[in-house]
Amino acid sequence: MTVGIKDTTHAVEAAAVMKLLPARPRLLALGEPTHGEDTLLDLRNELFRQFVEREGYRTIAIESDCMMGLVVDDYVTSGTGTLDEVMERGFSHGWGASAANRELVRWMRAYNDGRPASERLRFAGVDGPLEISHAASPRQALTALHGYLTARVDADLLPCTAETLDRLLGADDRWTNPAAMMDPSQSAGQSVEASQLRLLADDLVALLDAQTPHLIAVSSRGDWDRARLYGRTATGLLRYHFWLADTSPSRLTRLCAIRDSMMAANLLAIAERGPALAHAHNGHLQRNKSKMRMGGLPLEWWSAGAIVSAHLGEEYAFLATAVGTIRHQGVDTPPPDTVEGLLYALPQDRYVVDPRRLAAALADARPTPRVSPWFGYSPLDPAHLDENDGIVFVRDLPRS
C-alpha cells in the first residue's frame, strides 16, 4: 500500500498543483488545518508567489476582516501608508503580528512597484468584521456606503440622511458587547433601531444596484466594487447581530452559517475581478459541510468553499493542508491507520498529494479519522478525501 501512496505525491510547486486540475481555476484556495504557524504561512507565501509569477493570478485573499483589508490593498497597490501602519491596522484576528504575513505584504508592494495598474496584485480580506468573541458595529460599512451614494446620486433617492443613520446606530459599544455572544439578551440586534437599520441597508444596497451604470461612469468600477463590499458587509453584519439576539436552539449554527455565507460572497466578488488566490482554514474552504462543537452543542453548516464551489464549479479549486505533528501543541506522531499517519510514513518533509489517486490506492481500506488532542488543530476527514483537488502535506511543524 505504501508504494501506491508514494506514487500519488509530487513536489510542492505551482506546476505540480496545476497538473492535478482540469484547467486553471478562477479561484484557487489553499486551506490550513490550524492558525498561526509560520511554517504553513511561509509555504503559502512561496506557493502564492509561484502562482502569481507563473500562472497569472492577480489577487491574494486571506481570512481577515474585509474592511480592514482595504488598508492593505491601498498600500500594496499605491503605497498608501507605511508597512508598520498597514500591519497594525489592516488585519484582524491578530494576524498583523505574523512575520509571514508581513513578508507577504512587503513582497506584494515590491512586486507592484513600477507596474501598470492592470498588472498589479490586489489584496483582500474575505472574513467579515467578526471575531469569535464579538461582532463589529455596522457603522463603518453602512456610513461608507451611504457616503458613496450621497456624493453621486440625487438626494431625494436616498432612503435616509447620514444623521438618521448616526442616531439609529447609537454608541458602537452597544454592538460590540462581548457578553452578547453567549447571552442573547445582551445583544442590540433585534432592537427597534436595528430593525430600521436593516431596512435602510437593504434600500441603500438596492439603490447601489439600480444606479450601477451611472455610478461606474461618474466614479470608477473599482470604487463601485468597493461600495458593493460596504453593502455586503453592512447587511451581513446586521443579519449577524439580529441572530445574535436569537434565543432558539439553532442560534449558534445560524451565526456560523452567516459568517461563512459572508466569506463566500466576498470570495465570489473577488473571483469576478479575475484569477484569485485565497487562504483560510480548511474548514472554511472545503467543499463539504463544516462541523464543530460550541457551547457544548454540535454545529453543522455549509462552508464558504461549498457555497463558492456550487456557484463556480470547476472554476473553484481547493487544496487542503494536512500536517503530521505539532508537538509544541501536544499533537504527536499520527496513528498509522489515519490519512496523516499514512502520509507521515513517507520520507519527504513536504509534498503535494493527488487525493483522488490516493483514494484509489487505498481502495476499500478507508483510514480511521484522526482525533486531535488540541482544539486548535483539525485533522483531515477521510470520508471526504477525494472532494479535495490536492492535499499539501507538511510532516512536522516546529514552534514558530
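Residues numbered from 1 in each chain as written. Predicted model: local features only at pLDDT ≥ 70, side-chain atom pairs only at ≥ 80, totals over all residues. Heavy atoms only, no water.

- The protein chain carries the name Erythromycin esterase family protein in an unreviewed UniProt entry, which gives Sphaerimonospora cavernae as its organism.

**Overview of the side chain of H146**
- Inspection of the secondary structure assignment puts H146 in helix α7 (residues 139–150).
- You can call H146 buried: its relative accessible area is 5%. (Helix = DSSP H or I, 4+ residues; strand = E, 2+ residues; numbered from the N terminus. Buried < 20%, exposed > 50% of the residue type's maximum accessible area, 1.4 Å probe, protein only.)

**Notes on the pattern of salt bridges**
- Applying the stated criterion across every chain yields a total of 22 salt bridges.
- Close ionic contact of R226 with D74 constitutes a salt bridge, the shortest N to O distance being 3.1 Å. Taken as a pair, R226 in helix α12 (residues 221–244) and D74 in helix α4 (residues 69–78) lie far apart in primary sequence, 152 residues in all.
- For R102, the salt bridge is made with D84, and the minimal N-O distance between the two is 2.6 Å. With R102 in helix α6 (residues 99–112) and D84 in helix α5 (residues 83–89), this pair connects stretches of sequence that are 18 residues apart.
- With a relative accessible area of 33%, R102 lands in the partly exposed category.
- It is possible to trace a salt-bridge network through shared partners that takes in E46, R49, E103 and R106. (Salt bridge = Lys/Arg side-chain N within 4 Å of Asp/Glu carboxyl O.)

**Some thoughts on the pairing of strand β8 (residues 316–325)**
- For β8, the tally of buried residues reaches 10 of 10 residues, placing the bulk of the element in the interior.
- For strand β2 (residues 27–32) and β8, the ladder comprises 4 bridges, and the chain directions are parallel. The residue bridging A29 from the neighbouring strand is F318, located in β8. (Pairing = 2+ DSSP bridges.)

**Structural notes on the nonpolar core**
- Within the largest apolar cluster, 44 residues are counted, with the highest numbers of intra-cluster contacts made by L28, F51, I60, F91, V105, M108 and L277.
- Sequence-distant contacts of I60, defined by excluding residues within four places in its chain, comprise F48, V52, L104, W107, M108, R122, F123, A124 and L277. (Core = buried A, V, L, I, M, F, W, Y, C linked by side-chain atoms within 4.5 Å. Contact = heavy atoms within 4.5 Å.)

**So, the sheet that holds strand β4 (residues 122–127)**
- In space, the 8 strands of this open sheet follow the order β1-β9-β10-β8-β2-β5-β3-β4, with mixed pairing throughout. Looking at the sheet topology across the chains shown, the edges are occupied by β1 (9–10) and β4.
- One ladder, built from 4 bridges, connects strand β3 (residues 59–65) with strand β5 (residues 276–281); its direction is parallel. Bridge pairing in β5 places I62 opposite H279.
- Of the strands in this sheet, β3 and β4 are in contact with α4, which crosses β4 at around 170°.
- Along the sheet, α6 makes contact with β3 and β4, crossing β3 at roughly 145°. (Axes fitted to C-alpha atoms, helices over the stretch in contact; angles between N-to-C directions.)

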